[in-house]
Amino acid sequence: MERWAAADPRFHILRKENGGLSSARNAGMEAAQGEFLLFVDADDWIAPGLVGDALAAARESGAEQVHFNYCRAFEDRIEGAYLPLRDEVIDLDALGLANYFYRYWMPYAHGQEAWARLYRRSVVEAHGLRFAPNDEVFAEDTLMSAMLLFHTRRLAVLERPYLYYRQREGSI
């Protein structure tokens, strides 16, 4: 990590005592300086092109969020695109948040995880949004994703799977 940080000023190393996933994500958000936020869990990885494609989709559409697909990565295989996504831009003002929840959220058509999205940092900061402590809520990323939707007017969706979500026996 130190080699990367020394070679590229966009990289910063944060050191903190282990406080759980929410604590780590919140520390990262506090330190963030860029226009967007992207979360990748330590055991997952992303495909080349994710950041560029997601940034382009956000900027071209004016979206506060960009949702993208993912593959499930098992020890012996990788399964293809997991979500039934298609490239689109959704105007939540026109569709209505209740309709979005009914069409996309409840049937898990767009997923609900924090790591399958790019977020505009200004929305997170303007509303003081943070991940709830892991010892207070299960699926803290689902809660954060729902809270962010309440402050989203437009979201872009990318059909292509860009994240590899590692699956291990006995892991949540």
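Scroll up to find the structure this text is about.
Quantities reported herein were computed from a predicted structural model and do not represent experimental measurements. (Residues numbered from 1 in each chain as written. Predicted model: local features only at pLDDT ≥ 70, side-chain atom pairs only at ≥ 80, totals over all residues. Heavy atoms only, no water.)

Draft legend 1. Molecular detail of the overall build of the protein. In terms of helices and strands, the protein carries 7 helices and 7 strands. In sequence order, the secondary structure elements of the protein are arranged as α-α-β-β-α-β-β-β-α-α-β-α-α-β. Against the compact-globule benchmark of 16 Å for 172 residues, the protein has a radius of gyration of 16 Å, which places it among compact chains. Across its three principal directions, the C-alpha atoms of the protein cover 45 × 40 × 35 Å. Among the 172 residues that make up the protein, the fraction classed as buried is 41%. Long-range pairs, those at least 24 residues apart, make up 72% of the contacts in the protein between residues at least 6 apart in sequence. In the structure as shown, the protein presents an accessible area of about 10000 Å², 52% of it carried by carbon and sulfur atoms. (Helix = DSSP H or I, 4+ residues; strand = E, 2+ residues; numbered from the N terminus. Rg over C-alpha atoms; globule rule 2.2 N^0.38 Å. Buried < 20%, exposed > 50% of the residue type's maximum accessible area, 1.4 Å probe, protein only. Contact = heavy atoms within 4.5 Å. Areas by Shrake-Rupley, 256 points an atom, 1.4 Å probe, with all protein chains shown as cover.)

Draft legend 2. Main features of a nonpolar patch on the surface. On the surface, a nonpolar cluster with roughly 200 Å² of combined accessible area is contributed by Val40, Ile46 and Val51. Mapped onto the secondary structure, Val40 falls in the loop between β1 (36-38) and β2 (45-46). (Patch = residues over 30% accessible without salt bridge, like charges linked within 9 Å, V, L, I, M, F, W, Y side chains within 5 Å. Salt bridge = Lys/Arg side-chain N within 4 Å of Asp/Glu carboxyl O.)

Draft legend 3. Main features of the side chain of Arg25. Structurally, Arg25 is set in helix α2 (residues 21-31). With residues up to four places along the chain from it excluded, the contact list for Arg25 reads Phe39, Asp41, Ala114, Trp115, Phe131, Glu140 and Asp141.

Draft legend 4. Quick peek at the packing of helix α5 (residues 97-105) against helix α7 (residues 140-149). Relative orientation of the contacting elements α5 and α7 amounts to 145 degrees, with a least axis distance of 11 Å. Contacts from Leu97, Tyr100, Phe101 and Trp105 in α5 reach Thr142, Ser145, Ala146 and Leu149 in α7. Among the residues making up the contact of α5 with α7, the classes are represented as 6 nonpolar, 2 polar and no charged. (Axes fitted to C-alpha atoms, helices over the stretch in contact; angles between N-to-C directions. Nonpolar A, V, L, I, M, F, W, Y, C, P; charged D, E, K, R; others polar.)

Function cannot be inferred from these measures alone, as they are strictly geometric.
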